[in-house]
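# Descriptive analysis of the structure
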Amino acid sequence: MCIRTLTDPRSRSTDFEVHRNWLAITHSLPISRWYYDTTSEWTLDYPPFFAYFEKLLSIPASFIDPKIVDLQNLQYDAWTVIVYQRLTVIISELVLGAALLRFIRDSVYPTRQRILSASLFLHPGFLIIDHIHFQYNGFMFGILLWSILMARDGRKLASGILFAVLLNFKHIYMYLAPAYFVYLLRSYCMSPTGAIIPTRFISLANSVLLVFLASLGPFVLMGQLPQLLSRLFPFTRGLNHAYWAPNAWALVTAADRVLLQLVKHLDVGLAVNESGVASTSRGLVGDTVFAVIPNIKPIHTFIITVIFQMVYLIKLWRAPTYKSFVAALALCGYTSYMFGWHVHEKAVLLILVPLTLLASENYAYYKTFVIASVAGVFSLFPLIFTPAETLLKIIYSLLWGGTILYPLHKQVYEFPSSLPWVLLESFENAYLYGFALLQVFITLFPLMTGRNPDTEFLPLMVTSVYCAAGLIWSFIRLSTLYITQQY
């Protein structure tokens, strides 16, 4: 907490102004205009519960400094708004801390769970995204962990209600919804023989419906539901974000760049789409057009995501235990991240948080967790890029790894059982050590090229591709473990 409080207050991203503007929108305007206002380019595009949350935060803000909630006061950066907004992140993250403390209680292996809880509370992802880049992910993942905790403790109705609440704070958690639906239906609403238990089904359905009515009800009554949905789901964006999230499409996009160079220099006879020559290498938000490879459409990403998720959901249906649920939850998030449309790199936390809960199961899960964590955390590094921030993110991440990964390694380590496994682990370790060389390249390349505009996107592309290789391998590992193991 002290490290986070002392984080350089001058270091902030556009998300800082996004949330300040949302304070102003919810404070200055009637609810009927929240999802219509375009005073700033940073329009309100989170579900209503988060808007209500911003409204609540705007009340003390208006007393501390009325200029914070002035809708016309764009790009306001006085020390009052900086300190206030950073304190709201720290205080709201206590929801996460309380859930992690409760996870230790009644844990089968309390020593291991203490390490896992510390891992999540001190996670570099939360430091980078929430306390430097600026968001409220710690608060919302705290709600998710409370929901998972309720499932662990057998309070499944409460688990479902909390997840419904979470969906109305941030709709990205829909990636996890299929696992919740199957788990609660199979383990709470149905008997072991497969018969529906009407009272439980009705109570769960009514509870979830009431949550959505509390969130969306006012906008339905005002006839604004289509406008609200258009803000939440802007499908006009392209396949990739400006900085490619390190997923399957990052590798496909990189392959398109390589094929384009082959066509240019070797005359291999492949047709080139001229509109795609600069599309995926300029580092801007917009539609992604490939130069050589056929273009990917939203329906393609949807079909691939559903096919992969169905494999895990069938396993969850057959084995609706708590551990099976957590693994399926991680894999649903993982699949959406790997194959989704316009995935943001920050969504990697949807993988890393539930995967952390499995890290102490055995050495196979631990190794999967380490590869995903190192690649996932490093993929967030481009979000903060000043010299002071670079030093902070590297030192903090190394300290986190030393204090979390090493003690957990001692708890679960198993020597490889055969030569192929020894070789595989050697390759995995070599990949992990390669991140040191990648950081050296990212640091030195701009100095060596003089920040050439023709190659300025190359460090980001290399980072995305290298991280994608690790995340995809971790995805394969986790999928294999889940499908082959008994729960």
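It should be emphasised that the depicted structure is a prediction, and the values quoted were computed from it without experimental measurement.

Assigned secondary structure in the chain consists of 20 helices and zero strands. Radius of gyration (C-alpha) of the chain: 23 Å, near the 23 Å computed for a compact globule of 487 residues. Taking the principal axes of its C-alpha atoms as reference, the chain extends roughly 65 × 60 × 45 Å. A buried classification covers 53% of the 487 residues belonging to the chain. Long-range contacts, defined as pairs at least 24 residues apart, comprise 76% of the intrachain contacts of the chain with a sequence gap of at least 6.

Right, let's get into the side chain of S479. Examined against the element boundaries, S479 turns out to sit in helix 20 (residues 458-484). Overall, S479 belongs to the buried group, its relative accessible area being 9%.

The share of residues in the chain with pLDDT of 70 or more is 93%, and the mean pLDDT across the chain is 90. In the model of the chain, helix 1 (residues 2-5) stands out as the element of lowest mean pLDDT, 46, in contrast to helix 9 (residues 156-167), which has the highest, 98. Considering only residues more than four positions removed or in separate chains, one finds that residues 1-7, a stretch of pLDDT under 50, has 17 contacts.

For the pair helix 15 (residues 322-339) and helix 20, the least separation of the axes is 10 Å and the interaxial angle reads 145°. Of the two possible hands of crossing, helix 15 and helix 20 adopt the one that is left-handed. Facing helix 15, whose interface residues are S324, A327, A328, A330, L331, Y334, T335, Y337, M338 and F339, helix 20 presents L471, I472, S474, F475, L478, S479 and Y482. Residue composition of the contact of helix 15 with helix 20, grouped by class: 13 nonpolar, four polar and no charged.

Across all of its chains, the model carries eight salt bridges by this definition. Here K323 makes a salt bridge to E361, at a shortest N to O gap of 3.1 Å. Of the two residues, K323 sits in helix 15 while E361 sits in the loop between helix 16 (349-356) and helix 17 (363-379), which places them 38 residues apart along the sequence. One salt bridge connects E428 with R477, and the closest N-O pair in it is separated by 2.6 Å.

So, about the layout of surface pockets. Quantified by volume, the second largest pocket comes out at close to 750 Å³. Along the walls of the second largest pocket sit 26 residues, with V374, L398, G401, L405 and L432 positioned nearest its centre. Counting residues per element, the ones that place at least two in the lining of the second largest pocket are helix 17, helix 18 (387-412) and helix 19 (419-449). Looking at which element gives the most residues to the lining of the second largest pocket, the answer is helix 18, with nine residues. A class-by-class count of the residues in the lining of the second largest pocket yields 17 nonpolar, seven polar and two charged.

All right, on to the packing of aromatic side chains then. Applying the stated rule across the entire model yields 35 aromatic pairs. Summarising the aromatic geometry, the rings of Y183 and F325 are spaced 4.2 Å apart at their centres and angled 15° between planes, so their arrangement reads as stacked. Remark: F325 occurs in helix 15 and Y183 occurs in helix 10 (residues 177-187); sequence separation between them is 142 residues. With a relative accessible area of 2%, Y183 lands in the buried category. Centroid distance Y431 to Y466: 4.6 Å. Interplanar angle 20°. Geometry classified as stacked.

Within the chain, Q75 stands out as a residue other than glycine whose phi angle is a positive 60°. In this structure, Q75 sits in the loop between helix 3 (48-64) and helix 4 (79-92). A positive phi angle, close to 65°, is found at D106, a residue other than glycine. Inspection of the secondary structure assignment puts D106 in the loop between helix 5 (94-104) and helix 6 (110-121). By relative accessible area, D106 is classed as exposed at 66%.

Rules and cut-offs
- Residues numbered from 1 in each chain as written.
- Predicted model: local features only at pLDDT ≥ 70, side-chain atom pairs only at ≥ 80, totals over all residues.
- Heavy atoms only, no water.
- Helix = DSSP H or I, 4+ residues; strand = E, 2+ residues; numbered from the N terminus.
- Rg over C-alpha atoms; globule rule 2.2 N^0.38 Å.
- Buried < 20%, exposed > 50% of the residue type's maximum accessible area, 1.4 Å probe, protein only.
- Contact = heavy atoms within 4.5 Å.
- pLDDT = per-residue confidence, 0-100.
- Axes fitted to C-alpha atoms, helices over the stretch in contact; angles between N-to-C directions.
- Left-handed = near helix turned anticlockwise from the far one by under 90°.
- Nonpolar A, V, L, I, M, F, W, Y, C, P; charged D, E, K, R; others polar.
- Salt bridge = Lys/Arg side-chain N within 4 Å of Asp/Glu carboxyl O.
- 1 Å grid on protein atoms, 1.4 Å probe; cavity = no way out; pocket = protein on both sides within 12 Å on 5 of 7 lines; lining within 4 Å.
- Points joined across faces, edges and corners; volume = space filled by probe spheres on them.
- Phe/Tyr/Trp six-rings, centres within 6.5 Å; stacked < 30°, edge-to-face > 60°.

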